[in-house]
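Letter by letter, the chains look like this.
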Amino acid sequence: MSKKVTFKTYSQNQLSLLPPSYDDLVAANHPVRVVNYIIDQLDISALAKEYKGGGSSSYHPRMLLKVLVYAYLRNVYSSRKIEQALQENIHFMWLIGQSKPDHGTISNFRGQRLRNQLKQIFTQVVLLLQEAGVLSIKDLYIDGTKIEANANRYTFVWAKSAKTSRERIQKQLKDIWAYVEKVYGEEQKELNEPDFTAIDPEKIAATIDQINEALKDKPVNKEIKRKLDYGKKNWPKNLQKYKEQEEILGERNSYSKTDPDATFMRMKEDHMGNGQLKPGYNLQASSNNQYITNYTLAQTTADTTTLKNHLNEHINSYGESPDSVTADAGYGSEENYTYLEENDITGFVKYNYFHKEQHDKKRAEIPFLPDNLFYNEGQDIYYCPIGQPMLNIGIKQDTTKTGFEQAYIRYQAQNCAGCPMQGQCHKAKGNRIVERNYNLLRLKKQAKELLLLEKGVAKRKRRCWEIEAIFANIKQNMNFRRFMLRRLDKVSLETGLLAMAHNLKKFSAGPKLAI
Ligand code: SF4
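What you see is a predicted model; the values in this text were computed from it and never measured.

Enquirer: Sorry, what's going on with the overall build of the protein here?
Expert: When its secondary structure is counted, the protein shows 18 helices and 13 strands. A compact globule built from 515 residues should have a C-alpha radius of gyration of about 24 Å, whereas the protein, at 32 Å, is more than 25% larger. For the protein, the spread of C-alpha atoms along the principal axes amounts to about 115 × 75 × 55 Å. Of all 515 residues assigned to the protein, the portion counted as buried reaches 29%. In the protein, the proportion of contacts linking residues at least 24 apart, taken out of those at least 6 apart, comes to 66%.

As structure tokens, this is what we get:
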């Protein structure tokens, strides 16, 4: 047998009689064809209105939208890398036809034109996918994940620090005034005390002037004089800075100077293992059949306060409420249960201790837990573990950070002094008080019944592979762990592109379409 090595012909200058078109080079049912097919069906008239007209012609928004969605589907997020792909990648070339948009055009389209239109475009895509029978917007699985912002990790502003600095100025002013009073006290003279309750950038200069005037002809301690000079020069501008910071902070505890909409949060990805807080956003997503049906971005770390806004946005987008929602214990609050009830949504939503109740059998035997105290409904009296009546002593009204009102009925034991059980029973001083929120107890009971149904158990299992799989895909497969853009509106836009890319990637992996 011949051992001669034969190579295939290699000629870079070989000409074709009929050169292939890009279309010949793109496989049938390739994801780029799916993106092209779906975006061709969208109504982009609202997006077209973002163009003012006049001047030179613009690249077609449908083409640019296809480019961006396909780029996100291929894990290409920077406008310069997208431009490079448009020059080198046959699939991108097929998408753009004879157009040649550069990175500036892509960046401008993404950041300016698409910013206010992407949500309704995303909604249209979800509805098309629902028509294709791959998802339903009626049965949702909701969860959240934190994604790092495109912001410096060390340029933080803390609410506590702004407040403390303001209070420090206030205290220094009061100390100086005490000195003035001491000086005048020796002369037995009356003084008009400045208003220290509301120190603001406008008034503080006048207050310092008032103090300087009072000390005009007096021998003044050097340290006091130095403080007054420093205060006159710096405190008004410092107070102005704290005021502006507090306006940006709103209800938040922190923000980043490089992206003031980003809040410092603990991220799951903590490679250094030091629990360092990083500036980020709390991405909330709902899914069905591992497709994203809605996304919102929260600036708070807790998921609890995000559910209402997230579902309101779903209702705004689709014009109807979902039938059911499944979520973990992070969402099990009285406010959320009430919202679900008012909107006729069946909530398979766990609450704190749901798992403990199911798996920790000893919990039911702990006599000191409020849930295990004997309650006489007719008399409205609880009985403590040694049988002492705990009488209704009134209602405590509470308002949550989000403005939701809660009512707790308080019951108090008559005499805990000398009780041998006190160490185990409670740690407070005086007679033990228990607080019962009957509305929350009712809603939790309702949730528990649903969660323990066969359907509820199935939904709880499904929740793990529904939404968690989406976050894993975005962070691991799509390698998206940090936003490219800054500020809430642009980060929201990026999330929409990610969500569309995720959905269309999944759709293109499904049954083949006739396209
Ligand atoms: S400490 Fe008070 S409430 Fe607790 S068991 Fe004793 S008497 Fe009852």
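There's more to say after this.
Enquirer: What is the right way to read the pairing of strand E8 (residues 346-349) from this model?
Expert: Two faces make up the sheet, and in a regular strand the side chains alternate between them. Summarising the sheet, strand E7 (residues 324-327) and E8 pair through four bridges and their orientation is parallel. Bridge pairing links Ala-327 to Val-349 in E8. In the classification by handedness, the crossover that spans E7, the intervening helix H13 (residues 334-342) and the parallel E8 is right-handed.

Enquirer: So what exactly am I meant to see when it comes to the site of the ligand here?
Expert: Taken together, the residues surrounding the ligand are Cys-384, Pro-385, Ile-386, Gln-388, Ala-413, Cys-416, Cys-419, Met-421, Gln-422, Cys-425 and Arg-432. When grouped by side-chain class, the residues that make up the shell around the ligand number eight nonpolar, two polar and one charged.

Enquirer: Which parts of the structure should I look at to understand the domain arrangement of the protein?
Expert: When the parts of a complex come together, some accessible area is lost, and that lost area is often taken as the interface size. Each domain of the protein was delimited in the assignment, giving domain 1 (22-114), domain 2 (157-255), domain 3 (263-355 + 447-494) and domain 4 (362-437). Of note, the centres of domain 1 and domain 4, computed from C-alpha atoms alone, are 63 Å apart.

Enquirer: Would you mind showing me how to read the sheet that holds strand E12 (residues 405-413) here?
Expert: The strand order E9-E10-E11-E12-E13 describes an open sheet built from five strands, whose pairing is antiparallel. The open sheet has two edge strands, strand E9 (374-376) and strand E13 (433-436), and neither has a second partner. With direction set aside, neighbouring strand axes in the sheet form an average angle of 35 degrees. Here two bridges tie strand E10 (residues 381-383) to strand E11 (residues 389-399), and the two strands are oriented antiparallel to one another. Residue pairing across strands places Tyr-382 opposite Met-390, the latter belonging to E11.

Enquirer: I would appreciate a short explanation of the nonpolar core in the present structure.
Expert: Nonpolar side chains tend to gather and get buried jointly when the protein is soluble and globular. Among the nonpolar cores identified, the biggest contains 75 residues, and Val-35, Val-67, Val-69, Tyr-70, Tyr-72, Leu-497 and Leu-504 are the most heavily contacted of them. Counting residues domain by domain, this core receives three or more from each of domain 1 (22-114) and domain 3 (263-355 + 447-494). Leaving out residues up to four positions away in the same chain, Leu-497 has contacts with Leu-68, Val-69, Tyr-72 and Leu-118. Counting 10 residues, the second-largest nonpolar core is a separate cluster that includes Leu-173, Ile-204, Ile-208 and Ile-211.

Enquirer: For this particular structure, what's the right way to read helix H18 (residues 488-508)?
Expert: Since the α-helix advances by 3.6 residues per turn, residues separated by three or four positions end up pointing in the same direction. The terminal C-alpha atoms of H18, which comprises 21 residues, lie 30 Å apart, in line with the 30 Å expected from a rise of 1.5 Å per residue. Burial analysis of H18 places 18 of its 21 residues in the buried class, which makes it a mostly covered element.

Enquirer: Can you help me understand the environment of Ser-79 in this one?
Expert: On the secondary structure map, Ser-79 appears in helix H5 (residues 79-88). Placed 128 residues apart in sequence, Ser-79 and Thr-207 show a C-alpha to C-alpha distance of 53 Å.

Enquirer: Before we go on, may I ask you to explain the packing of helix H4 (residues 61-73) against helix H7 (residues 103-113) in this structure?
Expert: Helix packing for two helices is described by the angle between their axes and how far apart those axes are. Packing of H4 against H7 brings their axes to within 10 Å, and their N-to-C directions diverge by 95 degrees. If you check the angle between H4 and H7, you find them roughly perpendicular. Across the interface between the two elements, Pro-61, Leu-64, Val-67 and Leu-68 from H4 touch Ile-106, Phe-109, Arg-110 and Arg-113 from H7. Broken down by class, the residue content of the contact of H4 with H7 amounts to six nonpolar, no polar and two charged.

Enquirer: Is there a simple way to explain the environment of Lys-237 in this structure?
Expert: Summarising the element assignment, Lys-237 is placed in helix H11 (residues 222-249). When the C-alpha positions of Lys-237 and Lys-362 are compared, they lie 60 Å apart, and in sequence the two are 125 residues distant.

Enquirer: Quick question: what am I supposed to make of H5 here?
Expert: Looking only at H5, the buried set comprises Ser-79, Ile-82, Glu-83 and Leu-86. With its buried residues spanning 100 degrees around the axis, H5 presents them on a single face. On its buried face, H5 sits against H4, helix H6 (90-96) and H7.

Enquirer: In this structure, what is going on with unusual backbone geometry? I would like to understand it.
Expert: A negative phi angle characterises most non-glycine residues, just as the trans form characterises most peptide bonds. If you check the backbone angles, Asn-75 has positive phi at about 60 degrees while not being a glycine. As for its position among the elements, Asn-75 is in the loop between H4 and H5. We note that Tyr-353 has phi near 75 degrees; this positive angle belongs to a residue other than glycine. Within the secondary structure, Tyr-353 is located in the loop between E8 and helix H14 (354-359).

Calculation rules
- Residues numbered from 1 in each chain as written.
- Predicted model: local features only at pLDDT ≥ 70, side-chain atom pairs only at ≥ 80, totals over all residues.
- Helix = DSSP H or I, 4+ residues; strand = E, 2+ residues; numbered from the N terminus.
- Rg over C-alpha atoms; globule rule 2.2 N^0.38 Å.
- Buried ≥ 20, exposed ≤ 12 C-beta atoms within 10 Å, placed from the backbone.
- Contact = placed C-beta atoms within 7 Å.
- Pairing = 2+ DSSP bridges.
- Right-handed = clockwise from strand over helix to strand, strands pointing away.
- Near = placed C-beta within 6 Å.
- Nonpolar A, V, L, I, M, F, W, Y, C, P; charged D, E, K, R; others polar.
- Domains from an automatic or database assignment.
- Axes fitted to C-alpha atoms, helices over the stretch in contact; angles between N-to-C directions.
- Core = buried A, V, L, I, M, F, W, Y, C linked by C-beta atoms within 7 Å.
- Expected span 1.5 Å × (residues − 1).
- Parallel < 35°, antiparallel > 145°, perpendicular 65-115°, else oblique.
- Arc of directions from axis to C-beta.

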